[in-house]
Amino acid sequence: EKFEVCPFFKFKLGLPKLNNVKMKLLSLFLFVLVGKYHVCSAEECGLLSSVNLLDDGYTIEVEFIAETDQGGKGAGLNFDCSEIFIGIEDVTCYFVDASRLFILENRVDEIAIIEDTVSLLAEEGCGLQSIVLDTSEEKLNVEIVLEAQEEIASCEKNIILDARQTRGSGGRALDFEWSIAGTLLSQGLYLVPLPTNSNVLQVSVKATNYLGFFDIFSTEILIQNQNVPNIKIIGGTNRTTTKPSLFSITANAQATSCENRSRADRGVSYSWILQEKNKNQVFSSELIGLVSRDPRTFLIPAYFLNTSSTYVVKATATDLLTGLSASTTSIIYVEASDLFPLIQGGSRSISVHDDLKLNANFSYDPDLCPQDQIDNLRSRSLKEESNVFYKTTECNFHLLYSWSCRLLYSNLPSILDNIQEQRCIGFELLSTRSSILYLPAGTLSANATYEFILEISDRRKLSRTAITSVTIQAVDAISNNIFVLDASTVDNKNTIVANRRLSIFGFSKKPELLTWTLEEGALQNDLALNDYVTTPLAKVNNATFPLVLPIGSLIPGGNYRFQLASSFSKAWIDLHVAQGPVGGILQIEPQIGYVLSTSFDLTTFGWASFGNDPLTFRFEVREDDLVTPFKVLRSNSLSTILQAVTLFAGDPLPIFVVATNTLGATAEAGTTATVLPFPGSLDELKTISIQRIQEAFVFFEREGFLN
């Protein structure tokens, strides 16, 4: 009979809320105090292992003690959490795999599973029936994003301060505290009267999230006596980027509304300049060499900016009628990119009768290596053996290398005694500072598994480091011939995104039958690998042998291991699928209107993102299948609003917003509107059509943009 310390719910009554770890410690303490085990009965044992709030502050991860039948739910398919959890209603859940589940909601205090809704695939130990979600140690930083003019005409009387793009909400409403009196129009949108006795408006705002973390932002707004245009930067005044990134920044401007000017008479022209702080040289769009067709947007090409530098972008709007101008600025911080460590060949089995060569020469610094050179490096890594290629390039000349080794498994008692130290028993690593690690045949022990860890650093800034590793299984077999060399990852941590095609490249030194398999992870709806792949899974091959999976086959948040094997050897790669944004809502006002005569306003809010990174939003009208885009209303932008848009007829008309994070992972939210045919006469239709065209013209330069 199996004896275990019973789960914490045996001792829960009358105790304050404690997290899972503390409850287990309490259970053990009571066991020591009482001096005997309590035998868990079948009724007392649950299936839950742990519950965690993920770093987006919104998603709850539930781990089961072992693989389950998923309650009959297909992996990756959304269902209502109330089908398997007590008291969690109108909330979306999905199984990431057979032992993990995501709850897309953070307003949950306790996770308790309904009896007999989910079963284990095999008999396992005693888990928990319920777990109290503890957020006391979670950290979700707030970063205020305030959109406001830097100068405004006094005749405007009021100014709107927009902090709706503030990050770190965890999908819940933020608590805003403003330093000045005004009117709250909506969450984060504040209307402030302009002072009549001062030419400066001092603004300070504090934003606090539901976990108690906050940020404070302060600025000054100049009040001008002249009727200058209104101009502000979309996405706030402080931005970060990296050297390899194409950077775009967008302003929104129109002439003053004073003197009862109509929308059609409020057109402006735009001009932009860029200057590095503490430097004299000033760049215009023409000098940079990349001019946007939209004058509201300023483009800076990849590799134009200097790493670890600060730039000022100045946008100026000039009133087309009066010639008066107003400006606004944005500060751009250029951060160093993450170094990209690569070990050619990846994780694999190797014969103890073969030399082991691990080549890190294809590691690179994205700040010094343009994309075409990166693509060339990766292409060469597929073709050149590790004992052939040893060359320093401009992509990695400044990198330092450091190797270490850990023993993960062995069936030899003499080695197993030391496995807690995880040292590589029986040999020492030589040339640990070289980009190539070499171990002669016979060094590794048969049936042992090793992890070889590579740390690369920048010799110019030693604190800039990156780490990767490969797992090597030593076997007493014939020579190894297979490598998994590369995959279409989006960062240096083997991360991929579900909304892009996945390509993995394998290689064999000599002709033999190779087979791709999925060793870990679940595909959408628990389908098999051959249900999704667009390339053969098995082939006699002695060259590059790819595995290609289409968009939509992987599950956000999932962990995968893809393996390429022959009769005697194998190689594999572990990948993590990044989660997209979560929690967003799309609203439209009004919900009912007419073609051309009604101006609709679209607003999206409530989004949470992993890493708290900025999101971009694309608004589009869909076909009746709710999938196929029919018309893009606005391409990707940092702005969460789309105002004064006219729509074509539809009842209902499906409208969606697609949110994208910095890795390229996406999520969407939708709504519908009823847009009826224009109710007036043909002459009225002609008149309003001309008016709408005139209003549209005020947002564009007449020179070049419409040509």
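Note that the structure is predicted; figures quoted are calculated from it, not measured.

A. Representation of the overall build of the protein. The helix and strand tally for the protein stands at five helices and 44 strands. In the protein, which comprises 707 residues, the proportion classed as buried is 49%. Taking the intrachain contacts of the protein between residues at least 6 apart in sequence as the baseline, contacts between residues at least 24 apart amount to 66%. Only carbon and sulfur atoms are counted for the fraction: they give 50% of the accessible area of the protein, which is about 33700 Å².

B. Representation of the state of the cysteines. In the structure shown here, the tally under the stated rule is three disulfides. The disulfide partner of C81 is C93, and the gap between their sulfur atoms is 1.9 Å. Disulfide C81-C93: torsion about the S-S bond near 110 degrees, hence right-handed. Here C93 lies in strand β4 (residues 92-97) and C81 lies in the loop between β3 (79-80) and β4, a separation of twelve residues in the sequence. The disulfide partner of C369 is C395, and the gap between their sulfur atoms is 1.9 Å. With the S-S dihedral at roughly 65 degrees, the linkage between C369 and C395 falls on the right-handed side. Of this pair, C369 sits in the loop between β24 (356-359) and α3 (371-381) while C395 sits in the loop between α3 and β25 (399-410), and the two are 26 residues apart along the sequence. Comparing C369 with C395, the two get one shared label, buried.

C. Representation of the packing of aromatic side chains in the model. Per the stated rule, a full pass over the model turns up 13 aromatic pairs. Here F176 and W178 contribute two aromatic rings whose centre-to-centre distance is 6.3 Å and whose plane-to-plane angle is 25 degrees, an arrangement assigned as stacked. By the burial criterion, F176 is buried, and W178 matches it. Taking the centre distance of 6.0 Å and the plane angle of 10 degrees together, the rings of Y560 and F562 count as stacked. Taken individually, Y560 and F562 each receive the classification buried, so the pair is uniform in this respect. Chaining the aromatic ring pairs together yields one cluster made of F64, F79 and F95. For the cation-ring pair, K206 lies above F214, with the distance from its terminal atom to the ring centre recorded as 4.4 Å.

D. Here's a closer look at the sheet that holds strand β43 (residues 650-660). Here five strands make up an open sheet; going across it, the order is β38-β44-β43-β40-β41 and the pairing mixed. Looking along the sheet, the strands with just one partner apiece sit at the ends: β38 (592-594) and β41 (629-637). Here the average twist between neighbouring strands, direction ignored, is 30 degrees. Of the pairings in the sheet, the one linking β38 to strand β44 (residues 666-676) comprises three bridges and is parallel in character. Paired with G593 across the two strands is V675, which belongs to β44.

E. Inspection of the pairing of β41 at higher detail. Here strand β40 (residues 616-622) pairs with β41 via five bridges, running antiparallel. By the bridge assignment for β41, V621 is matched with K631. The antiparallel pairing of β40 with β41 creates a hairpin that spans six residues between the two strands, and L626 there sits at a positive phi of about 65 degrees.

F. The nonpolar core, seen in detail. One finds L502, I504, W516, L549, L554, F562 and L575 to be the most contacted residues of the largest nonpolar core, which totals 37 residues. If you list the elements that add at least two residues to this core, you get β4, β5 (100-104), β29 (482-487), β31 (502-508), β32 (512-520), β34 (544-549), β35 (559-565) and β36 (570-578). Once you skip the residues sitting within four places of it in the chain, L575 turns out to touch A487, T489, N494, I496, L502, I504, G558, N559, Y560 and F562.

G. Local environment of the pattern of salt bridges. Taken as a whole and judged by the stated rule, the model has 20 salt bridges. E61 is paired through a salt bridge with R100; the nearest N and O atoms lie 2.7 Å apart. Here R100 lies in strand β5 and E61 lies in strand β2 (residues 59-64), a separation of 39 residues in the sequence. Note on accessibility: E61 and R100 belong to one class, buried. For R107, the salt bridge identified is with E105, shortest N-O distance 3.1 Å. Each of D365, D367, D458, R460 and R464 takes part in a single network of salt bridges with overlapping partners.

H. Looking closely at the sheet that holds strand β42 (residues 641-645). Sheet architecture is open: three strands sit in the order β37-β39-β42, paired in antiparallel fashion. The open sheet terminates on both sides in strands that have one partner only, identified here as β37 (585-589) and β42. Between one strand axis and the next, the sheet turns by 15 degrees as a mean value, whatever way the strands run. For β37 and strand β39 (residues 600-605), the ladder comprises five bridges, and the chain directions are antiparallel. Note on β39: the bridge partner recorded for Q587 is T603.

I. A look at the side chain of E105. Structurally, E105 can be placed in the loop between β5 and β6 (110-112). Discounting chain neighbours no more than four positions away, the residues touching E105 are Y58, I60 and V91.

J. Quick peek at unusual backbone geometry. Going from E589 to P590, the amide bond is cis rather than trans, its omega being -10 degrees. Position of P590 relative to the elements: it lies in the loop between β37 and β38. Of the consecutive residues D651 and P652, the connecting peptide bond is found in the cis state with omega at 0 degrees. Among the structural elements, P652 can be located in strand β43. Phi is positive for E259, which is not a glycine, with a value near 60 degrees. With respect to the element layout, E259 can be found in the loop between β17 (247-254) and β18 (268-276). Here E259 falls in the exposed class, since its relative accessible area comes to 67%.

K. Region of interest: the confidence of the model for the protein. Confidence in the prediction of the protein, expressed as mean pLDDT, is 85, and 87% of residues score 70 or more. The low-confidence segment residues 386-390, where pLDDT is below 50, has 15 contacts with residues more than four positions distant or belonging to other chains. For the stretch residues 699-707, pLDDT sits under 50, and the model shows 20 contacts to residues farther than four places along the chain or on other chains.

L. Just the environment of L104, in detail. Here L104 is to be found in strand β5. For the pair L104 and T59, spaced 45 residues apart in the sequence, the C-alpha separation amounts to 4.9 Å. Residues within four places of L104 in sequence aside, it is in contact with Y58, T59, V91, T92, Y94 and V582.

M. Examining the pairing of β31 more closely. Where burial is concerned, most of β31 is hidden: six out of the seven residues are buried. Pairing between β29 and β31: five bridges, direction antiparallel. Residue pairing across strands places F483 opposite F507, the latter belonging to β31. Sheet analysis places β31 next to β34, joined by six bridges and oriented antiparallel. Among the inter-strand pairings, F507 is bridged to a residue of β34, identified as T544.

N. Main features of the environment of R618. Along the chain, R618 falls in strand β40. The partly exposed category is assigned to R618, whose relative accessible area is 25%. Measuring from C-alpha to C-alpha, the distance between R618 and E668 comes to 9.3 Å, with 50 residues separating the pair along the chain. When near neighbours in sequence (up to four residues on either side) are disregarded, R618 contacts V632, R634, S635, N636, F656, V657 and V658. A distance of 2.9 Å separates a polar atom in the side chain of R618 from a polar atom in the side chain of E620.

Definitions and cut-offs
- Residues numbered from 1 in each chain as written.
- Predicted model: local features only at pLDDT ≥ 70, side-chain atom pairs only at ≥ 80, totals over all residues.
- Heavy atoms only, no water.
- Helix = DSSP H or I, 4+ residues; strand = E, 2+ residues; numbered from the N terminus.
- Buried < 20%, exposed > 50% of the residue type's maximum accessible area, 1.4 Å probe, protein only.
- Contact = heavy atoms within 4.5 Å.
- Areas by Shrake-Rupley, 256 points an atom, 1.4 Å probe, with all protein chains shown as cover.
- Disulfide = S-S within 2.5 Å.
- Phe/Tyr/Trp six-rings, centres within 6.5 Å; stacked < 30°, edge-to-face > 60°.
- Lys NZ or Arg CZ within 6 Å of the ring centre and 35° of its normal.
- Pairing = 2+ DSSP bridges.
- Axes fitted to C-alpha atoms, helices over the stretch in contact; angles between N-to-C directions.
- Core = buried A, V, L, I, M, F, W, Y, C linked by side-chain atoms within 4.5 Å.
- Salt bridge = Lys/Arg side-chain N within 4 Å of Asp/Glu carboxyl O.
- pLDDT = per-residue confidence, 0-100.
- Polar contact = N/O pair within 3.5 Å; in protein donor to acceptor, adjacent residues only side chain to side chain.

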